[in-house]
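Notes for the structure review
Here's the letter readout for the chains.
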Amino acid sequence: MSNTAAETSAMAHDKIVILTGAGISAESGLGTFRDEGGLWAQHRIEDVATPEGFHRNPDLVHDFYNARRVQAAEARANAAHKALATLEQDHPGEVIIVTQNVDGLHEQAGSKNVLHMHGRLDGALCAACDHRWEAPDRMHKADRCPKCSHQSTRPDIVWFGEIPYFMDVIWDHLDSADLFVAIGTSGEVYPAAAFVQEAQRAGAHTIELNLAPSSRVSDFAETCFGPATEIVPRWVEQELKR
Ligand code: APR
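Where the parts come together, the accessible area they lose is often given as the size of the interface. By domain assignment, the protein chain separates into domain 1 (1-29 + 77-118 + 163-242) and domain 2 (31-74 + 121-157). Contact residues are listed per partner, giving 11 residues for domain 1 and 12 residues for domain 2. At the boundary of domain 1 with domain 2, total buried surface from both sides reaches about 840 Å², with 57% on carbon and sulfur atoms. In this assembly, domain 1 and domain 2 are joined by zero salt bridges. Our count for the contact surface shared by domain 1 and domain 2 stands at four residue pairs in polar contact (both at pLDDT 80 or more).

Attention shifts here to the site of the ligand. Taken together, 23 residues surround the ligand, and among them Phe33, Arg34, Trp40, Thr185 and Ser186 come closest. Within the side chain of Thr185, a nitrogen or oxygen atom sits 2.7 Å from an oxygen atom of the ligand. A distance of 2.6 Å is found between an oxygen atom of the ligand and a side-chain nitrogen or oxygen belonging to Ser186. Contact with the protein chains hides 93% of the accessible area of the ligand, taken as 740 Å² for the molecule alone. Across the shell around the ligand, the residue classes break down as 10 nonpolar, 10 polar and three charged.

The rules behind each value
Residues numbered from 1 in each chain as written. Predicted model: local features only at pLDDT ≥ 70, side-chain atom pairs only at ≥ 80, totals over all residues. Heavy atoms only, no water. Domains from an automatic or database assignment. Contact = heavy atoms within 4.5 Å. Buried area = accessible area lost by both parts, 1.4 Å probe. Salt bridge = Lys/Arg side-chain N within 4 Å of Asp/Glu carboxyl O. Polar contact = N/O pair within 3.5 Å; in protein donor to acceptor, adjacent residues only side chain to side chain. Near = heavy atom within 4 Å. Areas by Shrake-Rupley, 256 points an atom, 1.4 Å probe, with all protein chains shown as cover. Nonpolar A, V, L, I, M, F, W, Y, C, P; charged D, E, K, R; others polar.

Written out as structure tokens, the structure is:
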């Protein structure tokens, strides 16, 4: 006999899968994409976040990511990142963070089980030999790959039209989740926007923690709205009391 939503919500959750988006890093001073004045109001996606844009003007794309890399390196993890690190440490079951973010603030807060499905600003990739290394503060089109010496280096970021990282692992985590929580994401970009339905199909309870209702809000069994630094620590405290 299946549990009611209220019974499921009240049950302790063994495996918790958390999806985070730019909203969790907003209070650390890093811009989101689709809020008022966000990154996609300042730059055209097709110019700075597609392989075609990089091929057309690599300097423009390197400048875009160099500026974000320097800003992210100066940012500090906020109370929401830290609360998720506490959850991973103190929750008896498994806690997995799947992040769309390319900053390193989850790791800075102490989270260990983090999957960066859109890559990371502190990563560099060689388009010729697929070698990956730690990115310098500023990358340039004339940089040579440390392994094959080709001038074919790029930020290790997943652009629009490219396949996000770790998808097989992520689908497996969603299929075995007891609880799926989306934090700070507008639910505008797939495949991440479909995760809530996948988790629901697996029987997971689903919660949206966001500043405002996302495009997928009606897919969630439970919602709470407010700044992440307020609602995420409160949710973690409740979850750890179960
Ligand atoms: N606390 C909680 N949520 C917040 C806060 C905050 N302080 N500030 C903003 N938000 C919410 C917004 O309401 C919005 O729903 O964060 C969400 C940010 O949405 P987007 O800017 O679309 O960012 P995201 O969902 O991460 O974008 C997904 O799109 O362009 C691609 O690769 C990019 O990874 C990114 C993906």
